[in-house]
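The lines below spell out each chain.
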Amino acid sequence: MPDTAYASDTAASNTSLRAYLYGLPGVDEVGAQARAADLSTRSIKTTAKRAAIDLAISMVDLTTLEGADTRGKVRAMSAKAAHPDPADPSVPRVAAVCVYPDMVETAVAALRGTGVGVASVATAFPSGRAPLEAKLADTRAAVAAGATEIDMVIDRGAFLSGDLRKVHDEIIAVKEACGTAHLKVILETGELATLDNVRRASYLAMLAGADFIKTSTGKVAPAATLPVTLVMLEAVRDHHAATGRRIGVKPAGGIRTTKDAIKNLVLVNEVAGAAWLDPALFRLGASSVLNDLLMQRTRLTTGTYPGPDYYTLD
Amino acid sequence: MADDDATTAGNRPALGTALEYAPAPESRSVVAIRDSYDLFIDGVFTPAKSGERITTVNPADEQPLAEVAAAGEEDVDLAVVAARRAFDEVWGPMPGAERGKYLFRISRILAERAREFAVLESLDNGKPIKETRDVDIPLVAAHFFYYAGWADKLAHAGYGPDPRPLGVAAQVIPWNFPLLMLAWKIAPALATGNTVVLKPAETTPLTALLFAEVCQEADLPAGVVNILTGAGATGRTLVAHPGADKVAFTGSTAVGREIARVAAGTAKRVTLELGGKGANIVYDDAALDQAVEGIVSGIFFNQGHVCCAGSRLLVQESVADEVLERLKTRVSRLRLGDPLDKNTDIGAINSAAQLDRIRDLAGTGQAEGAESWSPACDLPERGYWFPPTVFTGVSQSHRIAREEIFGPVLSVLTFRTPEEAVTKANNTPYGLSAGVWTEKGSRMLWTANRLRAGIVWSNTFNKFDPASPFGGYKESGYGREGGRHGLEGYLV
C-alpha cells in the first residue's frame, strides 16, 4: 500500500490526476476473476450462515427505482424495511430504502422513528446526462426532503473520454450539495468495462470525497459482479492504509439470492477485513434478495422452507 | 445510521467483527477404506509373495488408514511378466481407436467417482479437500480424456508416420499429487500402446489402489495396468528390472540420479521429472494484488509440496516493502487445519520425515541470518503441521535460497534490474518452473525468453492443463509430460 497519502496537488489538473490514477498498480483480469471464484467456494453453514444472513439483512438498501413508483409503493416498501418479517420480530431492519428524489418525502414520513435510513438517487440518475446545475438541484431537493444518503452517478462519458478532472469536480460539487447527507458514488462499472478502470474510478471517487463507492445503477448489465466488488474492496482497503479513512462499498444490481449475498460478505471478510462487516461500510443494493434471506433464515430456525407465500410482496 | 433505535425490535448482529466460518467438513462416508490391500497384478488383487506390509496413516491425525502390501522381487517379476504378456498379446496389437475407448471410459468413471477420490486423496495425503475436489481429481479425469483423444491419431503427432510403443513401462511416482502423477504416467503410456507397472509412493498408496478398481470397472484387459505398492526398495527393484523397456520417474533429484545410473548402458529409455527451486519474478509494474495471489498459490498451494513451486520470490526492490506488506496481510488470512474442511486452505504435511526436513531447512534459514515470519496460527495438536512461513533478507548464498524445501516456506530476495532478475533466477542447479509478473508485454517476453526453466508462467502460477507440456532443464530432469510432447517418451 502506498506509504504516503495523496499529494495535495494530485487533483490540480487533468494531467496530474491522470498521472496519479494511471500510476496505480494494474489489475490482471484473469487473476481477479480467479480470486473471486476461489472465494465464492467458501462453505458458509449453520451458525456462520445464520450470522451472515442477519448481517446481510441489516446491510440491505431496499430499492425501488421505477418510472411507475407511487407513494403507495414507497410506503409499502418502507413498512417492509422496518419490519422485514411481520411474523418474526427478531429479524433486523434493513439499513435504508433507496428511492427517487420525489419519493423521499414519502419514505421519510413512513420511516420516522424506525432507524431505517432514506437514500435517494440523484444527479440525473441513471445516465447522469444533465447539466451540472440540474444535477445539483436534484441533489439539493432530495436532501431538503430529508434524504440521509445520496447515491450519485459519475459522468461515464467524461471518464471514458479522459476528462477525469470533470468527473472529480462534479463529485466535489455534489458532495457540497449533500451537506451532512452521506454520499455514495455510483461508478456504473458495467460501462467502464475494464477492472483497471474500476480501480481508477474508485480512487477518483475516494479522492473527491465519496463516503461510499457503489458498483451500479442496476439499469446496466452487467451490474455488481464479484470481480468488480473485489477490486473495489481492494481499493478501499488500500485507501484506508494510506489515509486512515474508511470508505464504504455498495454492490448493487444482480444480487438476488442468499448465496449471492453471502459470497459478497465472504469477499468483504477476506479482502477488506472485518471492519467493513458493518452497514456503515457495506451495503447490498437489492430488493428481491430480502425475501430469500428471510426464507433461508426461517429454514435455519425451523428446518423447513415455509414457501414464498409467507413473505410479503410489496 | 441510528443503529440503536429503541422502537426496532430484534437482535442486531455484532458489527465490525470477523465472520467466523463454522466447520464445514466433507463427509468421509463416500469412501470405503479397506483394512488391508493386496497388490494389483494381471487384473486382480494378489497377496504379496514378499509377505511384507506397510501402514499408511492420515497425516492430519496420525491415525492408521490401512495396511498395504510391500512388493518384493518376486512380485515385481510377476507384474512385469503380466505387463509384457498384455503388451504382446492384447494392448500392443490393439488399434488405437479401441485403446482410446478404454481411456475415455476410465476418464468417465474417474469423473463419476470424483468425490470418492477427492476424499480419499485428502485423507491419505493431508491436502485440503478444496484442492483435491477442484484441482487434483478434475485434472486427473481431464488428463485421461486428453490422451484418449491421441490414441488413434499418433501418426499425426509429429513422430513419424507409424510410431510404435516401447513395451513395458516401469513408473515410480511421488506422494505430493498421488493420483495426478499416476494420470500423468499412465494416460500417455496407455494411449501410445504401452503397458505399465506403477509404484505409488510409500505414504500415499490408496488412490492408486482405488484406481486399480476403476481399471476393473472399465474392463481394461488384465495386465495392462499393474499397481505395486511398497517403499524405496520396491521402486529400486522395479526400475532395475531387465523386463522394463522404459523408466518414468517423478521425485527427488537424488533418487533421479540413482535411476539414471542404473539405466545407463541398458536399452531402457528414461524420463525424469525431479526437483525445483522456482523463481517467481515480480516487477515493479506488476498487478500487485494478483501478483500476491500468485505468490501465495506459488508456494502455499498443496503446502508447498510442489516440485514446480515458486519457492524463491524475486521482487523488484522498489516495490519490495509494499509487496511484502500485502503478502503478509494475505497470508494471515489463510486457514490452516482439517484437510476435509471445505474452507481449509493449508492442510497437513504429508509425513513425519518431510516435516523434519522442513524444520531442519527452516532452522538453517534462521541460523544463516534470514528473518522468518509466520502469521499467528494455531497448529492442531496431532498430525504433521507446519505454518506458512516467509523468509526475508535472504541472499543467493543461503541454503534456503538454493535447496528445495518442499514445504510452505518462501524465500524472498530482491533485484534491481531485469538483467539481475534473470541472472538470479537462473543461478540454480534446477530449472523446472518460473513465474513472471509485469503488465508490460515486451518485458514479459524478454524475461521469459531468458529464463532457463521448463515452464514459465506469465502473470499466474501453478496452473496446469493436460495439453501443456511439463518438464525441466538442468537437474530438474529430462523429458516432457503432458501435451503432444508427452507422447514422445513412450514412442519409437
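Quick caveat, the model's predicted, so the values are computed rather than measured. (Residues numbered from 1 in each chain as written. Chains lettered and ligands numbered in written order. Predicted model: local features only at pLDDT ≥ 70, side-chain atom pairs only at ≥ 80, totals over all residues. Heavy atoms only, no water.)

Asker: What exactly am I supposed to notice about the packing of helix α8 (residues 164-178) of chain A against helix α10 (residues 195-207) of chain A here?
Answerer: Angle between the axes and distance between the axes are the two parameters that describe a pair of packed helices. All names here are of chain A. At a closest axis distance of 9 Å, the pairing of α8 and α10 adopts a crossing angle of 40 degrees. It follows from the interaxial angle that α8 and α10 lie oblique. The handedness of the crossing between α8 and α10 comes out as right-handed. Counted together, Leu-164, Val-167, His-168 and Ile-171 of α8 and Leu-204, Ala-205 and Leu-207 of α10 form the full contact between these two elements. (Axes fitted to C-alpha atoms, helices over the stretch in contact; angles between N-to-C directions. Helix = DSSP H or I, 4+ residues; strand = E, 2+ residues; numbered from the N terminus. Parallel < 35°, antiparallel > 145°, perpendicular 65-115°, else oblique. Left-handed = near helix turned anticlockwise from the far one by under 90°. Contact = heavy atoms within 4.5 Å.)

Asker: How should the packing of aromatic side chains be read in this particular structure?
Answerer: Aromatic ring pairs are defined here through the distance separating the ring centres and the angle between the ring planes. Residues and elements named next belong to chain B. Under the defined criterion, the tally for this structure stands at 15 aromatic pairs over all chains. Ring centres of Trp-175 and Phe-406 lie 5.4 Å apart, and the angle between their planes is 90 degrees; this geometry places the pair in the edge-to-face category. Here the residue Trp-175 occupies a position in the loop between β6 (168-172) and α5 (178-191), and Phe-406 occupies one in the loop between α12 (399-402) and β15 (409-415), the gap between them amounting to 231 residues. Accessibility classification places Trp-175 together with Phe-406 in one group, the buried group. Here a set of aromatic residues connected by ring pairs shows up, and it is made of Trp-184, Trp-457, Phe-461, Phe-464 and Phe-470. Geometry around Tyr-490 places Lys-246 over its ring, the cationic atom sitting 4.7 Å from the centre. (Phe/Tyr/Trp six-rings, centres within 6.5 Å; stacked < 30°, edge-to-face > 60°. Buried < 20%, exposed > 50% of the residue type's maximum accessible area, 1.4 Å probe, protein only. Lys NZ or Arg CZ within 6 Å of the ring centre and 35° of its normal.)

Asker: What am I meant to see in the interface of chain A and chain B here?
Answerer: Contacts between the two partners involve 51 residues from chain A and, on the opposite side, 41 residues from chain B. Here chain A and chain B share an interface that buries about 3,700 Å² over both sides, 48% of which is from carbon and sulfur atoms. Between chain A and chain B we count 6 salt bridges in total. Counting across the interface, chain A meets chain B through 13 residue pairs in polar contact (both at pLDDT 80 or more). Tallying contributions element by element places helix α3 (residues 46-59) of chain A first for the side of chain A that touches chain B, with 7 residues. (Buried area = accessible area lost by both parts, 1.4 Å probe. Salt bridge = Lys/Arg side-chain N within 4 Å of Asp/Glu carboxyl O. Polar contact = N/O pair within 3.5 Å; in protein donor to acceptor, adjacent residues only side chain to side chain.)

Asker: Quick question: what am I supposed to make of the sheet that holds strand β13 (residues 371-373) of chain B here?
Answerer: Paired through their backbone hydrogen bonds, the strands of a sheet run either parallel or antiparallel. All names here are of chain B. In space, the 7 strands of this open sheet follow the order β13-β14-β15-β12-β11-β16-β17, with mixed pairing throughout. This sheet does not close on itself; its edge strands, each paired only once, are β13 and β17 (455-458). Within this sheet the neighbouring strands show an average axis-to-axis angle of 20 degrees, counted without direction. Here strand β11 (residues 279-282) pairs with strand β12 (residues 312-316) via 4 bridges, running parallel. Residue Ala-279 lies in a different strand from β12, and its bridge partner there is Arg-312. (Pairing = 2+ DSSP bridges.)

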